[in-house]
Amino acid sequence: QAGVFTYDPGFTSTASCDSTITYIDGELGELLHRGYPIDQLAAKSHYLEVCYLLLYGELPTAKDLEKFETTITRHTMIHEQMHYFFRGFRRDAHPMATMVGVVGAMSAFYHDSTDISDPHQREIASHRLIAKMPTIAAMAYKYSIGQPFMYPRNDLDYAANFLQMCFAVPAETYHVDPILARAMDRIFTLHADHEQNASTSTVRLASSSGANPFACIAAGIACLWGPAHGGANQACLEMLKEIGTPDRIPEFIARAKDKNDPFRLMGFGHRVYKNFDPRATVMKQSADEVLDLLGVENNPILATAKELERAALADDYFAEKKLFPNVDFYSGIILEAMGFPTSMFTPIFAVSRTVGWVSQWKEQLADPQHKIGRPRQLYLGSTARDYVDIENR
Ligand code: SDX
């Protein structure tokens, strides 16, 4: 349902949809999930509680939260037949390629939750997607490094379970570091939903055709992979490594300002935020905390990132264009310190954003007015003309 609305500071925009889930004020650098500020949720809540909030609109009672967490925990295994599906990929396939394929294939394994006209099936599909995404991402990682898959464990919480599925091996007992689990959970919380970003809009557009939920989420994963979107966390760390030492920062800032140079500062700028991305602020605090607790507080990459942020924010170009660090600027530093390769950064983003995609998919389907997405265009091509035979061209 296209509409036009105005919001401060008084400029209009064509909205692609109505929504009650997430609100962003780009000028103020504000992000609310069902009215709750992201910094409060990151400090006081945890990912599965935020999932409940995004899905159902209110913070859960203790009883409802326990029921929801038990439901998710008991859906974390995937159909055993799907294990063979991974084996069709080359070992060096990017985990995002594997996730797009495996999540799309879920519609072939979970027939009993693909009928979008049935609210009960929509609910089951929602829980399956949120529960199984960490398992699928961890399996994609294990497959890429030639290690055996680790089954989910019901005695661990969501974030700890993901860490053990990624880093445990059958030959050893794996102890989940609670500090890492808390950092992982906070990263999941910070990436959970973000209004009508490119991948969420992709999910909404796909769902408007009546496609099954697994196909819609697979489309969202494919879109998130792009380096201008969810792929920026991987691209940002690779950029920081290319910069290397702080003395090379002026060279890269000059390149970012050069209109003839396609180089962009990865992790900087945003389509909506023209102030600090509030998630980046929390992520920066988390980077200091996690690296300190991991005993890598003198991480040279973190030092380079902080100097790059300082230099860019002191530069008139970035100030005038209102370019600030976004959620991707510090996340890669934390994830690498936790032991993840850069190829797993965007899959982790996809795990977290699944609840945002699913919540918005449900909202789209619940809207009695929702019509198939059919954007129009401004045609700038040739006017009508007659066919010319090849001998006359
Ligand atoms: C995510 O939508 C979401 O909410 C996405 C996300 C989510 O949670 O889903 O927040 C996650 O995708 C965060 C963004 C991650 N991407 C990156 O970090 C890649 C680097 N950033 C850029 O590619 C860029 O900032 C975009 C794509 C994010 C936004 O680009 P826009 O729309 O061009 O930004 P803008 O209109 O504010 O740009 C103003 C000017 C432009 O120059 P002019 O045309 O005015 O001359 O600033 C320039 C841009 O070219 N610019 C940059 C820049 N980002 C914008 N110049 C150098 N480095 C940058 N990073």
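Keep in mind that what you see is a predicted model, and the values were worked out from it rather than measured. (Residues numbered from 1 in each chain as written. Predicted model: local features only at pLDDT ≥ 70, side-chain atom pairs only at ≥ 80, totals over all residues. Heavy atoms only, no water.)

This paragraph deals with the overall build of the chain. In terms of regular secondary structure, the chain is built from 17 helices and five strands. In terms of overall size, the chain behaves like a compact globule, its C-alpha atoms giving a radius of gyration of 22 Å where 393 residues would be expected to give roughly 21 Å. By principal-axis analysis of the C-alpha atoms, the chain measures approximately 70 × 55 × 50 Å. Pairs at least 24 apart in sequence give 72% of the contacts found in the chain among residues at least 6 apart. When the accessible surface of the chain is summed, it comes to about 18,500 Å², and 54% of that surface belongs to carbon and sulfur atoms. (Helix = DSSP H or I, 4+ residues; strand = E, 2+ residues; numbered from the N terminus. Rg over C-alpha atoms; globule rule 2.2 N^0.38 Å. Contact = heavy atoms within 4.5 Å. Areas by Shrake-Rupley, 256 points an atom, 1.4 Å probe, with all protein chains shown as cover.)

Surveying the vicinity of the ligand reveals 25 residues, the closest of which are His 194, His 270, Arg 271, Lys 274 and Arg 279. Note that a nitrogen atom of the ligand is positioned 2.9 Å from one of the backbone N or O atoms of Ala 228. Take His 229: an N or O atom from its side chain is 3.0 Å from an oxygen atom of the ligand. Within the complex, 80% of the 1,100 Å² of free accessible area of the ligand lies under protein. The residue makeup of the shell around the ligand, split by class, is 10 nonpolar, seven polar and eight charged. (Near = heavy atom within 4 Å. Polar contact = N/O pair within 3.5 Å; in protein donor to acceptor, adjacent residues only side chain to side chain. Nonpolar A, V, L, I, M, F, W, Y, C, P; charged D, E, K, R; others polar.)

Attention now moves to the side chain of Ser 359. One can find Ser 359 in helix α17 (residues 345-366). A relative accessible area of 4% means that Ser 359 is categorised as buried. Those residues in contact with Ser 359, other than ones at most four positions away along the chain, are Ile 21, Leu 54 and Leu 55. (Buried < 20%, exposed > 50% of the residue type's maximum accessible area, 1.4 Å probe, protein only.)

Right, let's get into the pairing of strand β4 (residues 30-33). As paired strands, strand β3 (residues 22-25) and β4 are joined by four bridges and run antiparallel to one another. Bridge pairing in β4 places Tyr 23 opposite Leu 32. Turn length for the β3-β4 hairpin, with the two strands adjacent in sequence and antiparallel, is four residues, and the turn residue Gly 29 shows positive phi of about 70°. In terms of strand pairing, β4 meets strand β5 (residues 36-37) through two bridges, oriented antiparallel. Paired with His 33 across the two strands is Tyr 36, which belongs to β5. (Pairing = 2+ DSSP bridges.)

Here we come to the nonpolar core. The biggest cluster of nonpolar side chains holds 109 residues, and the ones touching the most others in it are Met 99, Phe 162, Met 184, Met 338 and Phe 340. Excluding its chain neighbours within four sequence positions, the residues that come into contact with Phe 340 are Phe 162, Leu 163, Cys 166, Phe 167, Met 184, Leu 335, Phe 345 and Ile 348. (Core = buried A, V, L, I, M, F, W, Y, C linked by side-chain atoms within 4.5 Å.)

Here we take up the packing of aromatic side chains. Scanning all chains against the criterion turns up 19 aromatic pairs. Here Tyr 158 and Phe 188 contribute two aromatic rings whose centre-to-centre distance is 5.8 Å and whose plane-to-plane angle is 80°, an arrangement assigned as edge-to-face. With Tyr 158 in helix α7 (residues 158-167) and Phe 188 in helix α8 (residues 178-190), this residue pair connects regions lying 30 residues apart in the sequence. Phe 188 gets classed as buried once you look at its relative accessible area, which sits at 0%. Taking the centre distance of 4.8 Å and the plane angle of 45° together, the rings of Phe 167 and Phe 340 count as tilted. Taken as a pair, Phe 167 in helix α7 and Phe 340 in the loop between α16 (328-337) and α17 lie far apart in primary sequence, 173 residues in all. Using a relative accessible area of 22% as the deciding quantity, one classes Phe 167 as partly exposed. Judged by relative accessible area, Phe 340 falls into the buried class, the value being 2%. Among the aromatic residues, those joined into a ring-pair cluster are Tyr 47, Tyr 141, Tyr 158, Phe 162, Phe 167, Phe 188 and Phe 340. (Phe/Tyr/Trp six-rings, centres within 6.5 Å; stacked < 30°, edge-to-face > 60°.)

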